[in-house]
Amino acid sequence: MALVTMIPRVAPILLLSGKTFPKPFLMWLKYVPVAVLSAVLAPEIFLNDGQMDFSWANKGFWMACPTFAVAYFSQNLVFTILFGMGGLAFLRFFF
Amino acid sequence: MNDEETQKTEISKISHQAALVATEDDETIIEKYVLPSQKSNPWLAGVRYALPVMIGFLPLSFAFGVMAKEAGLPFLATFLMSLVVFAGASQYIAVGLIAVSEPILSLVFTTFIVNLRHLLLSTALAPHLKSFSFSKRLLFGLELTDESFLLHSTWFKRHQAHPNRAIGTNMGPHLAWLTGTLLGYGTGSLIHNLEFLGLDYALPAMFIAMVVLQIKERSLILVSALCGSLPLLFYSLNFKTGAVILATLIGASVGLLLEQCRPKTTST
C-alpha cells in the first residue's frame, strides 16, 4: 500500500526534474490542479451511496452551496473548512 | 523512512555548516548563520505557509485515527499507515476494507488507482525542482499531497523554489497528519459518531475552498465544471476505478485547447 502511494508521487519528480518540456505541455500542466480537485470533489458532494442525490438526505450537497459562497467571499482556507464542518454539524443536529 | 531521510539531510547539513563555521571568526558566524536563521528559517517559513492545510488535516487525520481504532486496527499499523501511506481517501478506504476483511490485493489495487493522480501532480512540479538534490527530491516527493501541491503551484508562479522551504511545506501537513492520527486513535472509542462534529466534512470543505481559490480565469471555471461532471457521468456508467484520472486528463486537455483556440487578449 505504501509502495503504490509512493511511486506515483516520487517517480515523476526523480525522473523529470531538471528536464525541459515543450511549452504546450507546460500550459497543459497549468490546468491540472483545478482539474484534479474538481474531479475528486464532485463525487464527494453529489453522490450519496454511489448515486446522484439532491434530496435533503444528502446534507453534504446542500452544505456545499453556502460553503462555496463563503470560500469565494472570504478567500480563506481555514475559515471555509471550519464553516463547512460547523454548518454540517448544525444541519445534522437541528434537521 | 521519511524520518531517516530527514535525519540524514539534517546531519549532512550540520556537518557542512560546521565545516564552514570552523574557517570563520565569531562575528561572521553570528551574521551569517545565527541571525538569518532566527529571522527566517526557510523550513519554518515553509511550514508556516502550509498552516491552513495543517489545520485542515487535523480533523481529517483525527477521523482516520478514530475509524482505525473502531475497526480494531493495531496501533502500530495505524501509525505506520499515516507515516508511509499518507493519503487521506486511501486510508479511509483501507480501514473500511480491512474491517470487512477484503483481500489485501484489492486494497492495494484500489489505493494505486486512487493515487495515480499524484503522477500528474508530481509531473507538474518537476520542472521547478531543478535546484534540488536527489535526497531532497525524494523527501519532497514522498510527502507530496493534493493540498500541498496547490500551495507549491501557487508559490512557484511567483518565486524560485527553495528546497528546505518546499520540504517544510510538505512536512508540516505530514506532521499534522500524524498528530491527528495519534489524537484520534487515543480518543478512539470515546467518540462513536464522527458525523456529529461534521469531521467527515473537513475534506470536501477544504477542496471547495481550494477549487475556489485556484479559479482566477474564466477558462478554469469551465475546466472545473467539466472535471466535476465527468466523474459523475463515469460513476453512473459504473466506471469508477479510473474516473478521477481520466476526468483530469480530459479536462486539462480541453482547457489547453480552449486557450490555444482563443485569441490572446486576456491571457495571463
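Residues numbered from 1 in each chain as written. Chains lettered and ligands numbered in written order. Predicted model: local features only at pLDDT ≥ 70, side-chain atom pairs only at ≥ 80, totals over all residues. Heavy atoms only, no water.

Focus: the interface of chain A and chain B
Thinking step 1. At the interface, 61 residues of chain A touch 85 residues of chain B.
Thinking step 2. Across the interface of chain A and chain B, roughly 6500 Å² is buried in total on both sides, 79% from carbon and sulfur atoms.
Thinking step 3. The largest contributions to the chain A side of the interface with chain B come from M1, R9 and Y31 of chain A, which together make up 13% of the buried area.
Thinking step 4. At the boundary of chain A and chain B, one finds two salt bridges.
Thinking step 5. Remark: the boundary between chain A and chain B carries 15 residue pairs in polar contact (both at pLDDT 80 or more).
Thinking step 6. Where the side of chain A that touches chain B is concerned, the elements lending two or more residues are α1 (2–16), α2 (23–30), α3 (32–46), α4 (59–74) and α5 (77–94) of chain A.
Thinking step 7. The dominant element in the side of chain A that touches chain B, judged by the number of residues it contributes, is α3 of chain A, at 15 residues.
Thinking step 8. Partitioned by chemical class, the residues of the side of chain A that touches chain B number 45 nonpolar, eleven polar and five charged. (Contact = heavy atoms within 4.5 Å. Buried area = accessible area lost by both parts, 1.4 Å probe. Salt bridge = Lys/Arg side-chain N within 4 Å of Asp/Glu carboxyl O. Polar contact = N/O pair within 3.5 Å; in protein donor to acceptor, adjacent residues only side chain to side chain. Helix = DSSP H or I, 4+ residues; strand = E, 2+ residues; numbered from the N terminus. Nonpolar A, V, L, I, M, F, W, Y, C, P; charged D, E, K, R; others polar.)

Section: the pattern of salt bridges
Thinking step 1. What the rule picks out here adds up to three salt bridges over all chains.
Thinking step 2. One salt bridge in this structure joins K30 of chain A and E259 of chain B, with 3.2 Å as the shortest N-O distance. Here K30 of chain A, found in helix α2, pairs with E259 of chain B, found in helix α14 (residues 243–261), and the two come from separate chains.
Thinking step 3. The exposure class of K30 of chain A is partly exposed, given its relative accessible area of 33%. (Buried < 20%, exposed > 50% of the residue type's maximum accessible area, 1.4 Å probe, protein only.)

Brief notes about the packing of aromatic side chains
Residues and elements named next belong to chain A.
Thinking step 1. Tallying each qualifying case throughout the model produces 16 aromatic pairs over all chains.
Thinking step 2. A centroid spacing of 6.0 Å and a plane angle of 15 degrees characterise the contact between F25 and W28, whose relative ring orientation is stacked. On the criterion of helical spacing, the pair formed by F25 and W28 is a turn pair, its members being three residues apart in helix α2.
Thinking step 3. F25 gets classed as partly exposed once you look at its relative accessible area, which sits at 27%. (Phe/Tyr/Trp six-rings, centres within 6.5 Å; stacked < 30°, edge-to-face > 60°.)

Concerning α4 of chain A
Thinking step 1. Here α4 of chain A spans 22 Å end to end across 16 residues, near enough to the 22 Å set by a 1.5 Å rise per residue.
Thinking step 2. Residues of α4 of chain A that are buried include every one of K59, G60, F61, M63, A64, T67, V70 and A71 of chain A, and no others.
Thinking step 3. Where α4 of chain A is buried, its residues contact α3 and α5 of chain A together with α12 (202–214) of chain B. (Expected span 1.5 Å × (residues − 1).)

Quick look at the nonpolar core
Thinking step 1. The biggest cluster of nonpolar side chains holds 76 residues, and the ones touching the most others in it are W28, V32 and L77 of chain A together with F57, F140 and Y201 of chain B.
Thinking step 2. Looking at this core, the element that brings in the most residues is α12 of chain B, giving ten residues.
Thinking step 3. Ignoring any residue separated from it by four or fewer positions in sequence, one finds W28 of chain A in contact with L120, L249, A252, S253 and L256 of chain B.
Thinking step 4. Counting eleven residues, the second largest nonpolar core, distinct from the first, contains F64, A68, V85 and L107 of chain B. (Core = buried A, V, L, I, M, F, W, Y, C linked by side-chain atoms within 4.5 Å.)

Description of α5 of chain A
Thinking step 1. In this model α5 of chain A runs 26 Å from its N-terminal to its C-terminal C-alpha over 18 residues, within 8% of the 26 Å that 1.5 Å per residue would give.
Thinking step 2. Looking at the buried positions of α5 of chain A, the neighbouring elements they touch are α4 of chain A together with α4 (51–70) and α12 of chain B.
Thinking step 3. For α5 of chain A, the capping residue at the N-terminal end is N76 of chain A, with a side-chain oxygen 3.0 Å from the backbone nitrogen of V78 of chain A.

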